[in-house]
Amino acid sequence: MSIQHNLSKISKNIPSEITLVAVSKTKPIEAVLEAYKSGQRIFGENKVQEMVEKHEALPQDIQWHLIGHLQRNKVKYIAPFVSLIHGVDSFQTLEEINKHATKNSRIIECLLQAKIATEESKFGMSFSEIQEILDSEKLRALQNIRVVGLMGMASFTDNKLQISKEFKSLKTFFNTTSLKTLSMGMSGDYPLAIENGSNMVRVGSAIFGARN
Ligand SMILES: *Cc1c(COP(=O)(O)O)cnc(C)c1O
């Protein structure tokens, strides 16, 4: 199936108020361009270096989202252009993003990553850690970032009940905040995520094909 075909199929499955992030990690420039030509403008990458290279090579009206774990020493490379950072999992990272956003005279939007999966390997903070950041005076001092939402990844399992439970728990917590963006759902589970209140899905392989 072509990228164009996959995109139009997925777009039909997603209500128009939900933002689709096309996850192009590991895929070549040509693949991103094909999606771009079908009208897609938001792309997600999980590696800083790869995102910088693609940003330089591709049309400048693309909005680049960093979706993976972000190392603090790499923030400076993406600060000039990144549109949304999904995987922020510490206050120190917010401070670092703020520092480089300031240098670039920008305001960078961020999502805090919640750990909702049972697996040890997944990054993210507990709801109470997130709440602590949202409530802190220190956060208000960071004038060049905006925490606009939350992001979460469900367990890697076929158990739909388990996945739903994890998405639901994040949605319930999200509802207690005044944040606007809830990023959850990938190729395998985005319909479940949307059912459970997601308003931003990050879809890679269902658009671009399997990664090797
Ligand atoms: C790779 C990745 C995705 C997309 O995964 P697919 O299963 O290919 O849709 C979404 N979110 C994050 C954080 C990822 O690293």
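Scroll up a little and you will see the structure.
Everything quoted here is computed from the prediction, not taken from an experiment. (Residues numbered from 1 in each chain as written. Predicted model: local features only at pLDDT ≥ 70, side-chain atom pairs only at ≥ 80, totals over all residues. Heavy atoms only, no water.)

### Let's talk about the nonpolar core
General note: in soluble globular proteins, nonpolar side chains tend to be found buried as a group.
Turning to step 1, where the next piece is worked out: By size, the foremost hydrophobic cluster in this structure holds 62 residues, and its most contacted members are I78, L94, I97, L112, L150 and I207.
Turning to step 2, where the next piece is worked out: One finds L84, L111, M151 and M200 within the second-largest nonpolar core, a separate group that totals seven residues. (Core = buried A, V, L, I, M, F, W, Y, C linked by side-chain atoms within 4.5 Å. Buried < 20%, exposed > 50% of the residue type's maximum accessible area, 1.4 Å probe, protein only.)

### Observations concerning the site of the ligand
Turning to step 1, where the next piece is worked out: In the vicinity of the ligand, the residues found are V23, K25, I67, M151, M153, M186, S187, R202, V203, G204, S205 and R211.
Turning to step 2, where the next piece is worked out: Note that an oxygen atom of the ligand is positioned 2.5 Å from one of the side-chain N or O atoms of S187.
Turning to step 3, where the next piece is worked out: When the ligand is considered free in solution it has 390 Å² of accessible area, and contact with the protein chains removes 90% of it.
Turning to step 4, where the next piece is worked out: When atoms are counted within 2 Å of each cavity's grid points, the one that captures over half of the ligand is the largest pocket.
Turning to step 5, where the next piece is worked out: When its residues are assigned to classes, the shell around the ligand shows six nonpolar, three polar and three charged. (Near = heavy atom within 4 Å. Polar contact = N/O pair within 3.5 Å; in protein donor to acceptor, adjacent residues only side chain to side chain. Areas by Shrake-Rupley, 256 points an atom, 1.4 Å probe, with all protein chains shown as cover. 1 Å grid on protein atoms, 1.4 Å probe; cavity = no way out; pocket = protein on both sides within 12 Å on 5 of 7 lines; lining within 4 Å. Sits in = over half its atoms within 2 Å of the grid points. Nonpolar A, V, L, I, M, F, W, Y, C, P; charged D, E, K, R; others polar.)

### Quick word on the packing of aromatic side chains
Turning to step 1, where the next piece is worked out: Overall, the coordinates contain two aromatic pairs when judged by the stated rule.
Turning to step 2, where the next piece is worked out: Geometrically, the ring pair formed by F127 and F173 is stacked, given 4.6 Å between the ring centres and 10° between the ring planes. Taken as a pair, F127 in helix α6 (residues 127-135) and F173 in helix α8 (residues 160-175) lie far apart in primary sequence, 46 residues in all.
Turning to step 3, where the next piece is worked out: Take F127: its relative accessible area is 27%, and that puts it in the partly exposed class. (Phe/Tyr/Trp six-rings, centres within 6.5 Å; stacked < 30°, edge-to-face > 60°. Helix = DSSP H or I, 4+ residues; strand = E, 2+ residues; numbered from the N terminus.)

### So, the environment of F91
Turning to step 1, where the next piece is worked out: By the secondary structure assignment, F91 is in helix α5 (residues 91-103).
Turning to step 2, where the next piece is worked out: Its relative accessible area of 9% is what places F91 among the buried residues.
Turning to step 3, where the next piece is worked out: Along the backbone, F91 and M151 are 60 residues apart, and their C-alpha atoms lie at a distance of 15 Å.

### Looking at the layout of surface pockets
Turning to step 1, where the next piece is worked out: In this structure, the largest pocket spans a volume of roughly 690 Å³.
Turning to step 2, where the next piece is worked out: Among the secondary structure elements, those contributing two or more residues to the lining of the largest pocket are α8, α9 (190-195) and β8 (200-203).
Turning to step 3, where the next piece is worked out: In terms of residue class, the lining of the largest pocket is built from 12 nonpolar, 11 polar and seven charged.
Turning to step 4, where the next piece is worked out: Counted as a void, the second largest pocket has a volume near 230 Å³.
Turning to step 5, where the next piece is worked out: As for the second largest pocket, its lining consists of N46, K47, V48, Q49, V52, H69, L70, Q71, K74 and Y77.
Turning to step 6, where the next piece is worked out: Per-element accounting of the lining of the second largest pocket gives the leading share, three residues, to helix α3 (residues 48-57).
Turning to step 7, where the next piece is worked out: For the lining of the second largest pocket, a count of residues per class yields four nonpolar, four polar and two charged. (Points joined across faces, edges and corners; volume = space filled by probe spheres on them.)

These results come straight from atomic positions and should not be treated as a statement about function.
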